[in-house]
Amino acid sequence: MEDASDEDLMARVAAGDEEAFCRLARRNARLGFGLARRLTGSTADAEDVVQEALLRVWTHAPRWRPTAAFRTWFYRVVVNLCLDRRRRRAWVALEEADEPADPGPDAVALIERDETGRAVAAAVAGLPDRQRAALLLTYYEGLSNAETAVALATSVSAVETLLVRAKRALRRRLSPLRDERKEEGKDED
């Protein structure tokens, strides 16, 4: 069973094989968590999403049809759960949000890196849901445009359009930071 593909394991899960489910969950939970964490911005929410996604793997296994790779189907479940969770979430004012603690001793470099990271994360979080999902699946999760299209239930050309729009919006939102770095002489680009 070590060499079994995800699709083979899913067929065994459909037949009620708990060991196959555990193996499938171990293979895919970390990947699903990474995607969910980036989409929701919360470790706790990401854990909940992955648990719900794995529950759906178990309960929907008898109806699953291998029309796409299991991983692509699993990503679709995770993306949909994240989008549903985001739609239900109440808005929180920026003033009420907690600041993350400074984790390292090298304060200046860490502050600059954190500032850049926060700016990028905020810019990505500010994208429309489908643009953000396409960007994360393609660039953070390493899916091809075709796999991303399946995960988002859309066409490859629609994914390409979403990516172009997302990159354009990110470029526009991050240009002040880039200009500031150029002025300080920290960015040779």
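Calculation notes
Residues numbered from 1 in each chain as written. Predicted model: local features only at pLDDT ≥ 70, side-chain atom pairs only at ≥ 80, totals over all residues. Heavy atoms only, no water. Helix = DSSP H or I, 4+ residues; strand = E, 2+ residues; numbered from the N terminus. Buried < 20%, exposed > 50% of the residue type's maximum accessible area, 1.4 Å probe, protein only. Contact = heavy atoms within 4.5 Å. Areas by Shrake-Rupley, 256 points an atom, 1.4 Å probe, with all protein chains shown as cover. Salt bridge = Lys/Arg side-chain N within 4 Å of Asp/Glu carboxyl O. Patch = residues over 30% accessible without salt bridge, like charges linked within 9 Å, V, L, I, M, F, W, Y side chains within 5 Å. Lys, Arg positive; Asp, Glu negative; His and termini not counted. Charge placed at Lys NZ, Arg CZ, Asp CG, Glu CD. Core = buried A, V, L, I, M, F, W, Y, C linked by side-chain atoms within 4.5 Å.

Any chance you could break down the overall build of the chain for me, citing the residues and the numbers?
When helices and strands are tallied, the chain shows eight helices and zero strands. The order of helices and strands in the chain, counted from the N terminus, is α-α-α-α-α-α-α-α. A total of 189 residues make up the chain; the buried ones form 34% of that total. Considering only intrachain contacts with a sequence separation of at least 6, the fraction spanning at least 24 residues in the chain is 60%. Total accessible area computed for the chain in this model is approximately 11400 Å², and 51% of it derives from carbon and sulfur atoms.

Before we move on, can you summarise the pattern of salt bridges with the specific residues and values?
Evaluation of the coordinates by the stated rule reveals eight salt bridges. A salt bridge links glutamate 141 to arginine 38; its shortest N-O distance comes to 2.0 Å. Here glutamate 141, found in the loop between helix H6 (129-140) and helix H7 (145-151), pairs with arginine 38, found in helix H2 (residues 18-40); they are 103 residues apart in sequence, far enough to count as distant. By relative accessible area, which is 32% here, arginine 38 ends up partly exposed. Between glutamate 52 and arginine 56 there is a salt bridge, with its nearest N and O atoms 3.0 Å apart. A residue pair is termed a helical-turn pair when its members lie 3 or 4 positions apart in one helix, as glutamate 52 and arginine 56 do in helix H3 (residues 43-60) at four residues. Taken together, the shared-partner salt bridges in this structure form one network comprising Asp45, Asp48 and Arg85.

Give me the lowdown on a positive patch on the surface, citing residues and values where you can.
A grouping of Arg165, Lys167, Arg168, Arg171, Arg172 and Arg173 is seen on the molecular surface, where their side chains present a positively charged patch. Tracing the sequence through the fold places arginine 168 in helix H8 (residues 156-184).

Could you give an account of the nonpolar core, naming the residues involved and the relevant values?
Residues Met10, Leu35, Val78, Val79 and Leu137 are the most contacted members of the largest nonpolar core, which totals 46 residues. Secondary-structure elements contributing two or more residues to this core are helix H1 (6-14), H2, H3, helix H4 (70-88), helix H5 (107-125), H6, H7 and H8. For this core, the leading source of residues is H4, giving nine residues. Every residue in contact with leucine 137, bar those within four places of it in the chain, is listed here: Leu35, Tyr75, Val79, Gly142, Leu143, Thr148, Ala151 and Leu152.

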